[in-house]
Amino acid sequence: MTVLQVVALAAVAVTGTATVLMRDVVRQVVVLGFFGLALAVLFLVFAAPDVALSQIVVGSTVVPAMLLLTLVKLHRSRRDG
Amino acid sequence: MSTGARRALVVAGLAGLGLLAVWAVTGLPDFGHPIGRYGVLAPQVALAKRHVTDAVGGVTFDLRGLDTLGEELILFCAAVGATVLLRAERPGEEEATEESQRVPPRPAGALRALGAGLGGPLLVLGAYVVVHGHLTPGGGFQGGVILAAAVLLVYAAGQLIGLEHVRATTLVELAEAIGAAAFVIVAVGGLVFATAAMANFLPFGTSGSLLSGGTIPVLNIAVGVEVAAGITLILTELLGRALFDDREEDS
């Protein structure tokens, strides 16, 4: 277990906990993006570059974008009654 | 039970669980050990029999290709499901076009500059990752999401994508369907041209060159097209079809 792997694990733990402890939903989505990036670094450091390539885009861009757009739709539908 | 007693119970339980977890993790073997027999065999078979240098790609699209077929259809069904749900709840055609024609506020200069500068390189990078999936880490899914991210970046930088003579949304739907169908057709082709479904029936070529691995680069391209189109479709439906410039041409 090299230093880099320990640091990556710690980063995943910290960002994961921070995502759960956020109160505002929009900020939670942004921290979720950081969690996705930390997870991508973890995969890379643990010798899984293919998964890391997918996770970089999916975890930092696609999933937070989908979550934000769903929040907008929910907000709009709640506002329209 | 009072709050204090509950809290004490939770802390005691979590502490016990934490001690057990630490004991378990320190008793694990080192990362990478023990090396299983499949881990030794898979790269050898992928290189010797299929002439691919990316063992992960070889396993995903050839040795365990049937699982990937299921995965692709899962993404296809997710995109179709999201499209059906989001189009069914749209209020009416006039209000829908009015909502999608509403121009969003002009994004910041830095974002526009980034979008202009990175849009083209992201497309090239995505195509590179898709096509070289059997040589280097990457492949259809990885390149496909990069392509979808390129489209999203262009939209976030304030530029709507429009095409002449064809609606861009229709093109994206067609691309997704063609990608999924191409995968299934290649799988059935294995049944027709070789002994079993998903069998690798194209010539293998020399390892390390672009044209190697038989059906693996073909499947990579099919998956890349399908994933890019699927994720773009989900995003554009969530945006109320505002990602593309779909004004009807009078041609």
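Note that the structure is a prediction, hence the values are computed from the model and not measured.

Asks: Teacher, can you tell me more about the interface of chain A and chain B here?
Replies: Many authors give the size of an interface as the accessible area that is lost as the parts come together. Facing the 17 residues of chain A at the interface are 20 residues of chain B. With both sides pooled, the region where chain A packs onto chain B buries about 1600 Å², and carbon together with sulfur makes up 74% of that total. Looking at the side of chain A facing chain B, the largest losses of area belong to Asp50(A), Leu69(A) and Lys73(A), adding up to 34% of the total buried there. There are zero salt bridges connecting chain A and chain B. For the pair chain A and chain B, the number of links is three residue pairs in polar contact (both at pLDDT 80 or more). For the side of chain A that touches chain B, the leading source of residues is helix α3 (residues 49-80) of chain A, giving 15 residues. Residues that form the side of chain A that touches chain B fall into these classes: 10 nonpolar, four polar and three charged.

Asks: Would you explain the confidence of the model for chain B in this entry?
Replies: One rule of thumb: low pLDDT means the predicted coordinates there are not for detailed reading. All names here are of chain B. For chain B, the mean per-residue pLDDT works out to 84, and 91% of the residues sit at or above 70. For chain B, helix α5 (residues 93-101) is the element with the lowest average pLDDT, namely 52, and helix α1 (residues 3-26) is the one with the highest, namely 93. Reported confidence for the predicted complex is 0.89 by ipTM and 0.85 by pTM.

Asks: How do you make sense of a nonpolar patch on the surface when you look at a structure like this?
Replies: All names here are of chain B. On the surface, Leu73, Val184, Val188, Leu191, Val192 and Phe193 cluster together into a nonpolar patch covering about 550 Å² of accessible area. Top contributing element to the nonpolar patch by residue count: helix α8 (residues 168-193), with five residues. Inspection of the secondary structure assignment puts Phe193 in helix α8.

Asks: What am I meant to see in helix α9 (residues 216-238) of chain B here?
Replies: Residues spaced three or four apart along an α-helix point in a common direction, a consequence of the helix completing one turn every 3.6 residues. Residue and element names in this part refer to chain B. Given a rise of 1.5 Å per residue, 23 residues ought to cover 33 Å, and the 33 Å separating the end C-alpha atoms of α9 matches this to within 8%. With 20 of 23 residues buried, α9 lies mostly within the body of the structure. Just downstream of α9 lies Gly240, where phi reads positive at about 75°.

Asks: It is not clear to me how unusual backbone geometry should be interpreted in this structure. Could you clarify?
Replies: It is generally the case that most residues other than glycine have a negative phi and that most peptide bonds are trans. Positive phi values are uncommon outside glycine, yet Ala47(A) reaches one of about 65°. With respect to the element layout, Ala47(A) can be found in the loop between α2 (25-45) and α3.

Asks: I'm lost on the packing of aromatic side chains in this one. Help?
Replies: Summed over the entire model, instances satisfying the criterion amount to two aromatic pairs over all chains. Ring centres of Phe46(A) and Phe31(B) lie 4.6 Å apart, and the angle between their planes is 85°; this geometry places the pair in the edge-to-face category. Of this pair, Phe46(A) sits in the loop between α2 and α3 while Phe31(B) sits in the loop between α1 and α2 (37-50), placing the two residues on different chains. Seen in terms of ring centroids, Phe61(B) and Phe183(B) are 6.5 Å apart; in terms of plane orientation they differ by 45°. Their pairing is tilted. Of this pair, Phe61(B) sits in helix α3 (residues 55-63) while Phe183(B) is found in helix α8, placing the two residues 122 residues apart along the sequence. Of the residues examined, Phe61(B) reaches a relative accessible area of 6% and is grouped as buried.

Asks: Teacher, can you tell me more about the packing of helix α4 (residues 65-88) of chain B against α8(B) here?
Replies: Any two packed helices are characterised by how steeply their axes cross, that is the angle between the axes, and by the distance between the axes. All names here are of chain B. Where α4 meets α8, the closest approach of the two axes is 10 Å, and the angle between their N-to-C directions is 155°. What the angle tells us is that α4 and α8 run roughly antiparallel. The crossing of α4 and α8 is left-handed. Side by side, α4 and α8 meet where Gly65, Thr68, Leu69, Glu72, Leu75, Phe76, Ala79 and Arg87 of the first sit next to Thr169, Glu173, Glu176, Ala177, Ala180, Phe183, Val184 and Ala187 of the second. Of the residues belonging to the contact of α4 with α8, the class tally is nine nonpolar, three polar and four charged.

Asks: Can you help me understand the environment of Ile178(B) in this one?
Replies: With respect to the helices and strands, the residue Ile178(B) is situated in helix α8. Counting along the chain gives 11 residues from Ile178(B) to Arg167(B), while the straight-line C-alpha distance between them is 17 Å.

Asks: Would you explain the side chain of Asp54(B) in this entry?
Replies: Within the element layout of this structure, Asp54(B) appears in the loop between α2 and α3. Arg50(B) is the oppositely charged side chain nearest to the buried, salt-bridge-free Asp54(B), at an N-O distance of 14 Å. Filtering out sequence-adjacent residues up to four positions away, Asp54(B) remains in contact with Asp50(A), Gly133(B), His134(B), Leu135(B), Thr136(B), Pro137(B) and Gly138(B).

Asks: Quick question: what am I supposed to make of the side chain of Thr215(B) here?
Replies: Residue and element names in this part refer to chain B. Relative to the helices and strands, Thr215 is located in the loop between α8 and α9. Overall, Thr215 belongs to the buried group, its relative accessible area being 3%. Contact partners of Thr215, with chain neighbours within four places excluded, come to Val186, Asn200, Phe201 and Leu202.

Asks: Whenever I open this one, the nonpolar core confuses me. Can you help?
Replies: Across soluble globular proteins, you tend to see nonpolar side chains buried next to one another. Counting 40 residues, the largest nonpolar core has Phe183(B) and Ile231(B) as its most contacted members. Counting only elements with at least two residues in this core, the list comes to α3 of chain A together with α4, α7 (140-156), α8 and α9 of chain B. Among the elements that line this core, the one with the most residues is α9(B), at 10 residues. Other than its neighbours up to four places away in sequence, Ile231(B) contacts Val62(A), Met66(A), Val145(B) and Ala148(B). Core analysis: the next-biggest nonpolar cluster, separate from the first, contains six residues, Val12(A), Ala38(A), Leu42(A) and Phe46(A) among them.

Rules of the game
Residues numbered from 1 in each chain as written. Chains lettered and ligands numbered in written order. Predicted model: local features only at pLDDT ≥ 70, side-chain atom pairs only at ≥ 80, totals over all residues. Heavy atoms only, no water. Contact = heavy atoms within 4.5 Å. Buried area = accessible area lost by both parts, 1.4 Å probe. Salt bridge = Lys/Arg side-chain N within 4 Å of Asp/Glu carboxyl O. Polar contact = N/O pair within 3.5 Å; in protein donor to acceptor, adjacent residues only side chain to side chain. Helix = DSSP H or I, 4+ residues; strand = E, 2+ residues; numbered from the N terminus. Nonpolar A, V, L, I, M, F, W, Y, C, P; charged D, E, K, R; others polar. pLDDT = per-residue confidence, 0-100. Patch = residues over 30% accessible without salt bridge, like charges linked within 9 Å, V, L, I, M, F, W, Y side chains within 5 Å. Areas by Shrake-Rupley, 256 points an atom, 1.4 Å probe, with all protein chains shown as cover. Expected span 1.5 Å × (residues − 1). Buried < 20%, exposed > 50% of the residue type's maximum accessible area, 1.4 Å probe, protein only. Phe/Tyr/Trp six-rings, centres within 6.5 Å; stacked < 30°, edge-to-face > 60°. Axes fitted to C-alpha atoms, helices over the stretch in contact; angles between N-to-C directions. Parallel < 35°, antiparallel > 145°, perpendicular 65-115°, else oblique. Left-handed = near helix turned anticlockwise from the far one by under 90°. Lys, Arg positive; Asp, Glu negative; His and termini not counted. Core = buried A, V, L, I, M, F, W, Y, C linked by side-chain atoms within 4.5 Å.

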